[in-house]
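# Reading the structure
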Amino acid sequence: MIGLKRLFSLLMVLALSFVMPLTAFADPAKTVTTLTYEDKAEMTGVTNKDKADKHAGELCTGLELQPLEEDLKADTAPIVPIPDEGDKITAALTIYTCWVKAACDEEWRANYGSSWQTAANNAVETADNNLYTQFGINLYVWTYYSWDSRDDTRVLKYLFNELKDEVLPGNGDTVYGYTWQPVEMSYWGWGDVLGTHVIVRRYGGSETVNWKITRHETGHIYGCQDHTGDAACIMDDPWAYPDSWCGMHWDKMWANRARF
């Protein structure tokens, strides 16, 4: 009888030795719980997913947060910028590159010296900034041309016609001519509407003359006419409004942005 009691006691001790580590000594910090986004948002009161993830991690010490499949997709998905409503753009822009041949005459080259190509490229690239962000138009100078203009030409329109006759786009799309020839003061640039050539003259003033007129003349290449009256638009006054397009000309630029 005594032997049976001892045996029973030993069995009870053995049973308790297996149960105790699983109950009384269980470590809650080691418990793994998977939270959904809704769980995390409900716990923290934060509806933004990124903030909810962050705050749930701070408040739930000891909980291992498993990323959801949609979270992983969101982390790796490309970010599509959506410009302001004023830009009239609601999706990522498609970029259309216009390949420019920069033709600079002897007066331009003489005045700028060894930096004559840099001066022309700066005018094109600075003019390009607004065109790129607004319309996805990328002006890219792919080659330079040393053009010799007639020294006796004093009318910019005639100099423009000379440029068209003597310099062709070749493997590119357009020709941007730059001159320092002293011509009549009525015009700072010239370009045909929906044409392939423009000319910009540098005659005193600051370097802003080059890029502002370049951007204005580029407007002609993409279908814009000059304004006949006062307007807060680059196609009326490129000095005062170099970054502004009226609704009519914005629509024209947008419609023709892919012509090259």
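Summarised in this report is the structure supplied together with it.

The rules we used
- Residues numbered from 1 in each chain as written.
- Predicted model: local features only at pLDDT ≥ 70, side-chain atom pairs only at ≥ 80, totals over all residues.
- Heavy atoms only, no water.
- Helix = DSSP H or I, 4+ residues; strand = E, 2+ residues; numbered from the N terminus.
- Expected span 1.5 Å × (residues − 1).
- Buried < 20%, exposed > 50% of the residue type's maximum accessible area, 1.4 Å probe, protein only.
- Patch = residues over 30% accessible without salt bridge, like charges linked within 9 Å, V, L, I, M, F, W, Y side chains within 5 Å.
- Areas by Shrake-Rupley, 256 points an atom, 1.4 Å probe, with all protein chains shown as cover.
- Salt bridge = Lys/Arg side-chain N within 4 Å of Asp/Glu carboxyl O.
- Phe/Tyr/Trp six-rings, centres within 6.5 Å; stacked < 30°, edge-to-face > 60°.
- Lys NZ or Arg CZ within 6 Å of the ring centre and 35° of its normal.
- Polar contact = N/O pair within 3.5 Å; in protein donor to acceptor, adjacent residues only side chain to side chain.
- Contact = heavy atoms within 4.5 Å.

## A look at helix α8 (residues 208–221)
Here α8 spans 20 Å end to end across 14 residues, near enough to the 20 Å set by a 1.5 Å rise per residue. Within α8, 13 of the 14 residues are buried, leaving the element largely enclosed by the surrounding structure. Downstream of α8 by one or two residues, Gly223 has phi in the positive range, about 100°.

## Side note on a nonpolar patch on the surface
Taken together, the side chains of Trp99, Tyr140 and Trp142 define a hydrophobic patch exposed on the protein surface, amounting to about 310 Å² of accessible area. Its place among the elements puts Tyr140 in strand β2 (residues 137–146). Residue classification places Tyr140 among the partly exposed residues on the basis of a relative accessible area of 40%.

## Considerations on the packing of aromatic side chains
If you walk through the whole model with that rule in mind, you get eleven aromatic pairs. Judged by centre distance (5.0 Å) and plane angle (75°), the ring pair of Tyr187 and Trp190 falls under edge-to-face. Overall, Tyr187 belongs to the partly exposed group, its relative accessible area being 42%. Clustering of aromatic rings is evident, with ring pairs tying together Trp108, Tyr112, Tyr178 and Trp180. One Lys or Arg, Arg201, reaches over the ring of Trp188 and ends 4.4 Å from the middle of that ring.

## Side note on the side chain of His249
Of note, His249 is situated in helix α9 (residues 247–256). Among the polar contacts made by the side chain of His249, one reaches the main-chain carbonyl oxygen of Gln225 at a distance of 2.9 Å. Sequence-distant contacts of His249, defined by excluding residues within four places in its chain, comprise Cys224, Gln225, His227, Cys233 and Met235.

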